[in-house]
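If you want the building blocks of each chain, they are given just below.
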Protein chains: 2
Amino acid sequence: MNTLSTALFDVGKDRYEKYKKNIEKFITLQVGLTTFHFNRDANEYTAKLYNFHIFPRHFATVDARFLCQASSWAFLSEYDFDFNKCVRDGLPFLNMEQEKQLKSDLKSDLLFTMEDNMAISMDNEKTLQRELSRVGEWLRKNSKEKEAMTISYGLLKNDVALIYFFQKEIRQHFGNVWTNTLAQDIEVLKVSPEERQRLESENRDELDEWIVDQMLGFTKVFRLLAEAKKPLVGHNLLLDLMILYNQFHRPLPNSYTTFKQKITELFPSVYDTKFISYRFKKSLETDGKQTEALTSNVLKPMYEYFKEPSIVNPLMTYAPEVSISAADQSKIDAKLRSSYHMAGWDSYVTGYCFIKMGHYFAAFKYGPDSIKRPLSSAEHIQGVSEFKCRVNVIRASINHINLGGDDPATTRPQALVIKHRKNKKIDMSEVLELLTKYAPFDTMPMGHDAIVVAIPSYSLARNLLREFSNNRTYSVSRYHMWKENKLIKAMIWSSFLLSTGILLGTFVNYLIKD
Amino acid sequence: MNTLSTALFDVGKDRYEKYKKNIEKFITLQVGLTTFHFNRDANEYTAKLYNFHIFPRHFATVDARFLCQASSWAFLSEYDFDFNKCVRDGLPFLNMEQEKQLKSDLKSDLLFTMEDNMAISMDNEKTLQRELSRVGEWLRKNSKEKEAMTISYGLLKNDVALIYFFQKEIRQHFGNVWTNTLAQDIEVLKVSPEERQRLESENRDELDEWIVDQMLGFTKVFRLLAEAKKPLVGHNLLLDLMILYNQFHRPLPNSYTTFKQKITELFPSVYDTKFISYRFKKSLETDGKQTEALTSNVLKPMYEYFKEPSIVNPLMTYAPEVSISAADQSKIDAKLRSSYHMAGWDSYVTGYCFIKMGHYFAAFKYGPDSIKRPLSSAEHIQGVSEFKCRVNVIRASINHINLGGDDPATTRPQALVIKHRKNKKIDMSEVLELLTKYAPFDTMPMGHDAIVVAIPSYSLARNLLREFSNNRTYSVSRYHMWKENKLIKAMIWSSFLLSTGILLGTFVNYLIKD
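Residues numbered from 1 in each chain as written. Chains lettered and ligands numbered in written order. Predicted model: local features only at pLDDT ≥ 70, side-chain atom pairs only at ≥ 80, totals over all residues. Heavy atoms only, no water.

Rules: UniProt positions are given in the numbering used here, feature names are shortened, and annotations may be inferred rather than shown by experiment.
Chain A has a UniProt comment under Sequence similarities (unreviewed entry) that states "Belongs to the CAF1 family."

Here we look at the overall build of chain A
Stated formally: For the purposes of this entry, the term helix denotes a DSSP run of H or I that reaches at least four residues, the term strand denotes a run of E that reaches at least two, and both are numbered from the N terminus. Partly exposed residues are those whose accessible area sits between 20% and 50% of the maximum for their type, while under 20% is buried and over 50% is exposed, using a 1.4 Å probe and protein chains only. Only heavy atoms enter the contact rule, under which two residues are in contact if any of them lie within 4.5 Å. All accessibility values rest on the Shrake-Rupley procedure with a 1.4 Å probe; residue burial counts only the protein chains present in the view.
Along its length, chain A carries 23 helices and 17 strands. Here chain A holds 514 residues, and the buried ones make up 56% of them. For chain A, the proportion of contacts with a sequence separation of at least 24, taken over those separated by at least 6, is 73%. When the accessible surface of chain A is totalled, it reaches about 22,600 Å², and 51% of it is carbon and sulfur.

A closer look at the sheet that holds strand β6 (residues 185-190) of chain A
Residues and elements named next belong to chain A. The line we're drawing: Here, any two strands with at least 2 DSSP bridges between them count as paired. Fitted lines through C-alpha atoms serve as axes, helices being fitted only where they are in contact, and the angles separating the N-to-C directions of these axes extend from 0 to 180 degrees.
The sheet built from three strands is open, its strands ordered β4-β6-β5 with antiparallel pairing. Looking at the sheet topology across the chains shown, the edges are occupied by β4 (148-152) and β5 (177-181). Adjacent strand axes in the sheet meet at a mean angle of 25 degrees, parallel and antiparallel pairs treated alike. In this structure, β4 lies alongside β6, joined through five bridges in antiparallel fashion. Bridged to isoleucine 151 within β6 is isoleucine 186. Against the sheet, helix α8 (residues 160-173) engages β4, β5 and β6, with an angle of about 170 degrees to β5.

Re unusual backbone geometry
All names here are of chain B. Here asparagine 158, not a glycine, exhibits a phi torsion of approximately 55 degrees, which is positive. Locating asparagine 158 in the fold gives a position in the loop between β4 (148-152) and α8 (160-173). Backbone geometry at cysteine 389 places phi at a positive 65 degrees, although glycine is not the residue there. Position of cysteine 389 among the secondary structure elements: in the loop between α20 (377-383) and β10 (390-392).

Remarks on the pairing of strand β3 (residues 65-69) of chain A
Within a regular strand, the side chains alternate between the two sheet faces. The buried fraction of β3(A) is high, at four of five residues. Of the strand pairs in this sheet, β3(A) and strand β3 (residues 65-69) of chain B are connected by five bridges, and their pairing is antiparallel. Paired with A:Arg65 across the bridge in β3(B) is B:Gln69.

Quick word on the sheet that holds strand β5 (residues 177-181) of chain B
By definition, the strands of a sheet pair up through backbone hydrogen bonds, in either a parallel or an antiparallel sense. Residues and elements named next belong to chain B. In space, the three strands of this open sheet follow the order β4-β6-β5, with antiparallel pairing throughout. Looking at strand neighbours, the two that pair on one side only are β4 and β5, the edges of this open sheet. With direction set aside, neighbouring strand axes in the sheet form an average angle of 25 degrees. Here β5 pairs with strand β6 (residues 185-190) via five bridges, running antiparallel. Within β6, the residue paired with valine 177 across the bridge is lysine 190.

Topic: the nonpolar core
Test applied: The term nonpolar core refers to a set of buried residues drawn from Ala, Val, Leu, Ile, Met, Phe, Trp, Tyr and Cys, joined through side-chain atoms within 4.5 Å.
Ranked by internal contacts, the top residues of the largest apolar core, which has 95 residues, are A:Phe259 and B:Phe259. Contacts of A:Phe259, omitting those with residues within four sequence positions, involve A:Tyr16, A:Leu238, A:Leu241, A:Met242, A:Tyr245, A:Leu252, A:Pro253 and A:Leu403.

So, the side chain of B:Asp208
All names here are of chain B. As a reminder of what qualifies: Charge assignment in this entry is limited to Lys and Arg as positive and Asp and Glu as negative, and neither His nor the chain termini are counted. Basic side-chain nitrogens of Lys or Arg form a salt bridge, by our definition, when they fall within 4 Å of a carboxyl oxygen of Asp or Glu.
Mapped onto the elements, aspartate 208 comes out in helix α10 (residues 206-216). It is lysine 168 that comes nearest to the buried, bridge-free aspartate 208 among opposite-charge side chains, at 4.0 Å. What aspartate 208 contacts, discounting residues up to four positions off in sequence, is Leu106, Tyr164 and Lys168.

Quick look at the structure:
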């Protein structure tokens, strides 16, 4: 029962299990990825942005079903997500179970049984018959052994399933040919029956391996990332990690502990800019820099904060520049660049904030000397090393989980209710301003005239109660009881179901997180 | 277990239950509808074509989840289905349960609780705040009672949920205004507090009724069709009827008998051109007109058969013309007109064939005199009256079901296996030609060198076995046993899962049926 009351008091295991139940049938349709390369001489990171469309492709018995939710699609549509392009050109993917199934289907005779019945369209069937005749005629007419003819992939709509089946069909029909998968065409090679037998036994699995490779699609990028073992950064990325794991690796394990173990094996250096930003904020405050405080942990204002700092902090004097690579700069159109919720751009912005905060913490850590010089990328990473594997959790009784070990002890949050004294609509920005000094905290509207705030410690809650006792506009009281309420339940889940997009990479980040 | 072996021996109830299980979570994204109007003087039917995009819209607790299947979407994409347009402009819908839920949510106070939390985007929240200020300023400045200002729907992206919530917000904020839902704008009317109270009590539910009406969307078209009680025609439409019922009316009943009863209450005059075409074919044959036989029950060749008859049958001398209305003709672009699998066009083609066959059977029924004159539309319908409520079923032990009463007695089909004697790939068109005289029958490929044929009677099967005994290319034998086979299972279901589109109307028809 995902009521607000229980959600606020979730520990990591609870949250994992709730997310798991809710995402298993969904898929992400886009993944944003930005890689950053440091040039020490220029004290500058150069970014390359990637925005992947992802869409399952069917082949033989692999035919993914996935759930859609009206609100998520409406959201994507509002931000001009191109569904047509996604369905048409989206990269396929297989998790390990699907890959295994496909390989075993290809090995079994069953697949050939299936072949004619691939729901191949009438058009394609006609093309097949025509091309078979063409090959037959060519063989009869004037071809010599070792000569070749080609069938253009254009004819096959560049459909990998057709490229596969056409070759199977041609080999099946003619005993004196062999086929090869070229870059733009199928090559049909005339060979002697002996040569054919040799090719058959030597290259037996070649075509099968090719189709598996094609079907793997984005899974190959996922695996490269896992192999690279580079820092993987996202903004509030627990759900992203779970979706990535589920979609491109394996079904999510039932056990939370197992998940932590497995995800850390894949990605040992995960960073969450949402989590880090709370520490950054706190550090500024402890440092007495209230005036230059970061006022939001939402991606867009965070980026603007670092992009155009209104006040210069000496720790940031030698903060590295971050720029988009010249090649990308020209490719990225105005739309993408200004569009938050575009996975590629969001992943860039996340990495941008990560680098700036990395520098801040490194300069802080390494003391006065480090303020007077540019730092190395190793130092930047070292600066945030204590936040490694710490992933933000919203509206729970812990504010983060630790993928690399035990979660922090539960600090059962103090839930307070802030109400407008005249039952008027609450001005959120006004209230947020009043609450700034109590952050990190999570809020949840309750009707139009009240919000619930989860305050992380008892003493902070007491301070807040005291301070608000004289406030003329707002009253604050302890939150006692919540009724089971399906609307509130719906509301809580609506927020994450919007996450149809994930961004990931050397810096990872969500499509819609805030 | 939907293996081929059991499917071939399904009775109506089995088929209903299998379909039900498989479609409950899917939705159709397009519905084609063509209305036909008869002009007796011209002996001509004029057609108006409609192609509806359908997409669920979320509002409050209504937020449909639905399943997608990779292969269906790939198919739609291949035929240039516009997913972007569908998500953006698709008509919403509510079945009766959803409508009830929405109404009860609107009545309860919970909805207002929900209001601020509608996952309203930051942009929209900003617009709201700005418009509220604008109204406030206008009220203070120079407005008199009964004067009005407007807020353009353009600002609200024509989003009905926003149009609703903005009005709720404005009324909530200001005690001396009332709002009205105009065609292009929200009207904000300055009124006295007394007038406001009067309006409040008199028009209490007006806005709620408006939003329900908006959310009903295509359901209203569905209801109009049900009220009209006109003949509803489709091609192989059992699955369509079930999807329509499930999506726009109520969840499918568990009982097959109840479904038949309920669907007949909604649509008492259902016709299936696939079913009728078998009778048409038989009638031609009985009439000794082998040479002019209809060779296919697939929609496209059927339409071509009637559109350009190669041989003139005297019964067809006064068959009515069927034409697309002038207004539509100009609207329908070349793409739609040539595109089978476009719901609107398919529904037109279905109606076209229905009218031609209706005339044929009427002329046949009313004897020599009727051959010499045009017939009335009542006569056309009367011609096929015995086929009313008879809906085709493929690959089952009955070839149709009767929605209006008991299904026909089971004629357990004789399953025969046709194999290429040299284990070569079967040339389907050659085999189909050989089998023509045994139709209606259903075939199912079995590997690349064999097909299974379900022959409706024992005597026909015997004839076929005899005839093929001398065939040099193909052997025919009785089909005995089928192993449980997941690939074949997948194949069977893949055929209907492609039916993401439905067409319906005064003449109804599927997107992909053959």
